[in-house]
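For reference, the chains in residue letters:
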Amino acid sequence: MEAVLAHLRGAIERGEYPVGQKLPSESALGKEFEVSRSVVREALRGLQALGLTVSKTGKGTFVTATGPVENPTFGTYSARDLFEVRRHVEIPVAGYAALRRSTDDLDLLGHLVERMDVETDNTAWVALDSLFHITIAQASGNPVFGKVIEEIRDALARQSSFLNQLGDRRTRSNTEHREIVTAIAAGSEADAVAAMTSHLEHVEDALTTIVRPGHTTQQDKDD
């Protein structure tokens, strides 16, 4: 998927597929790259998320821009929408969870990070990732937080899948998730807030690296 997307993105940015032109069909691209149509479909979704194309039902995929947009969309929400909400909700939520979590909450979080560590299927991992963040919201003891994360669950899953396939985020996320759980289990509000802040910064950096290669990220500054 990554190779197909990289090739198509490069071709669009070089002008080989000008704005307004229709891309080859899924079956044609599948034959060209010798991959399944499902792989092609994921690559086309990636192009759409980057703002390079638009899919028209029954007509195909058309080029809409020669470069990725600054603010890609995932489902009905943009990346900027998601990051603003996550910074203002999930960071304090992690702190509340450290103070209010139950034994059951900790058991479930521990179970989830263990499953994510060994999960190799991207779709299954993304589902576990979504449940992980919802569980932290529920562990805060405030049901409104859980509702907020549920509302953006689909967009978060789309974004997570996109980042895992292009930014190789899964292994790093597993480590960051364990740091969050460790802080929550220790009952440290400050450490939980710091761990979630670091996690979200790395997620945002990964997306920035994909959309704007060569752009200096927070991780670059830290290094």
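Residues numbered from 1 in each chain as written. Predicted model: local features only at pLDDT ≥ 70, side-chain atom pairs only at ≥ 80, totals over all residues. Heavy atoms only, no water.

### Quick look at the packing of helix H5 (residues 103–118) against helix H6 (residues 122–139)
Worth spelling out the cut-off: Interaxial angle, 0 to 180 degrees, is taken between N-to-C directions of lines fitted to C-alpha atoms, where a helix line uses only the stretch in contact. Secondary structure counts use DSSP, requiring at least four H or I residues in a row for a helix and at least two E residues in a row for a strand, with both numbered from the N terminus. Roughly parallel covers angles under 35 degrees, roughly antiparallel covers those over 145, roughly perpendicular covers 65 to 115, and oblique covers all other angles. Working rule for handedness: look at the near helix, and if it is turned counterclockwise from the far one by less than a right angle, call the crossing left-handed; if clockwise, right-handed. Contacts are assigned to residue pairs that have any heavy atoms within 4.5 Å of one another. Note on residue classes: Ala, Val, Leu, Ile, Met, Phe, Trp, Tyr, Cys and Pro are nonpolar, Asp, Glu, Lys and Arg are charged, and everything else, Gly too, is polar.
Packing of H5 against H6 brings their axes to within 10 Å, and their N-to-C directions diverge by 160 degrees. Judged on the interaxial angle alone, H6 and H5 are roughly antiparallel. Crossing of H5 against H6: the hand is left-handed. Only Trp 125, Leu 128, Asp 129, Leu 131, Phe 132, Thr 135, Ile 136 and Ala 139 of H6 make contact with H5, whose side of the interface consists of Asp 105, Leu 108, Leu 109, Leu 112, Val 113, Arg 115 and Met 116. Residue composition of the contact of H5 with H6, by class: 11 nonpolar, one polar and three charged.

### Things to note about H6
Put simply, the test is: To estimate the expected span of a helix, count its residues, drop one, and scale the result by 1.5 Å. The cut-offs for exposure are 20% and 50% of the maximum accessible area for each residue type, with area from a 1.4 Å probe on protein chains only; residues under the lower value are buried, those over the upper are exposed, and the others partly exposed. For this analysis, a polar contact is any N or O atom pair within 3.5 Å, provided that within protein one partner can donate a hydrogen and the other can accept it, and provided that sequence-adjacent residues contribute only side-chain to side-chain pairs.
Over its 18 residues, H6 runs 26 Å from end to end, which matches the ideal 26 Å to within 8%, given 1.5 Å per residue. Of all 18 residues in H6, 13 are buried; the element is thus mostly enclosed. Capping the start of H6 is the job of one residue whose side-chain oxygen sits 3.2 Å from the backbone nitrogen of Thr 123: Asp 121. Positive backbone phi, approximately 85 degrees, marks Gly 141, located one or two places after H6.

### Considerations on the pairing of strand E2 (residues 60–63)
When a strand is regular, its side chains alternate between the sheet's two faces. Convention followed: For two strands to be treated as a pair, DSSP must find at least two bridges joining them.
Pairing of strand E1 (residues 53–56) with E2 involves four bridges; the strand directions are antiparallel. Within E2, the residue paired with Lys 56 across the bridge is Gly 60. Between E1 and E2, which pair antiparallel and follow one another directly, the connecting turn spans three residues, one of which, Gly 58, has a positive phi of 80 degrees.

### Some remarks on the packing of aromatic side chains
The line we're drawing: Under the pairing criterion, centres of Phe, Tyr and Trp rings, with the six-membered ring standing for Trp, must be within 6.5 Å; the plane angle then separates stacked pairs below 30 degrees from edge-to-face pairs above 60, leaving the rest tilted. Two conditions define a charge located above a ring, namely a distance within 6 Å from the ring centre to NZ of Lys or CZ of Arg, and an angle within 35 degrees of the ring normal.
Taken as a whole and assessed by the stated rule, the structure comprises two aromatic pairs. With a centroid separation of 6.0 Å and an interplanar angle of 25 degrees, the aromatic rings of Tyr 96 and Phe 145 are classed as stacked. You can see Tyr 96 sitting in helix H4 (residues 79–100) and its partner Phe 145 sitting in helix H7 (residues 143–151), a full 49 residues away along the chain. The exposure class assigned to Tyr 96 is partly exposed, which follows from its relative accessible area of 30%. The ring centre of Phe 62 lies 4.8 Å from the NZ or CZ of Lys 56, which sits over that ring.

### Considerations on the packing of H4 against H7
When two helices pack together, their arrangement is given by the angle between the helix axes and by the axis-to-axis distance. The contact between H4 and H7 brings their axes to 11 Å, and the two run at 140 degrees. With respect to each other, H4 and H7 are oriented oblique. In terms of crossing hand, the pair formed by H4 and H7 is left-handed. Each of Val 85, Val 89, Glu 90, Val 93 and Tyr 96 in H4 lies in contact with H7, whose residues at this interface are Phe 145, Val 148 and Ile 149. Residue composition of the contact of H4 with H7, by class: seven nonpolar, no polar and one charged.

### Structural notes on unusual backbone geometry
Phi at Glu 34 takes a positive value of approximately 60 degrees, unusual for a residue other than glycine. As for its position among the elements, Glu 34 is in the loop between helix H2 (26–33) and helix H3 (37–49).

### A word on H5
Rule in force here: The arc under discussion is defined with respect to the helix axis, by the directions toward the C-beta atoms.
Its 16 residues place the ends of H5 23 Å apart at the C-alpha level, agreeing with the 22 Å of an ideal helix rising 1.5 Å per residue. Within H5 the residues assigned to the buried category are Asp 105, Leu 109, Gly 110, Leu 112, Val 113 and Met 116. Looking down the long axis of H5, one finds its buried residues gathered within 160 degrees of arc, a one-sided arrangement. For H5, exposure combined with an orientation more than 90 degrees from the buried face picks out Thr 103, Asp 104, Asp 107 and Val 118.

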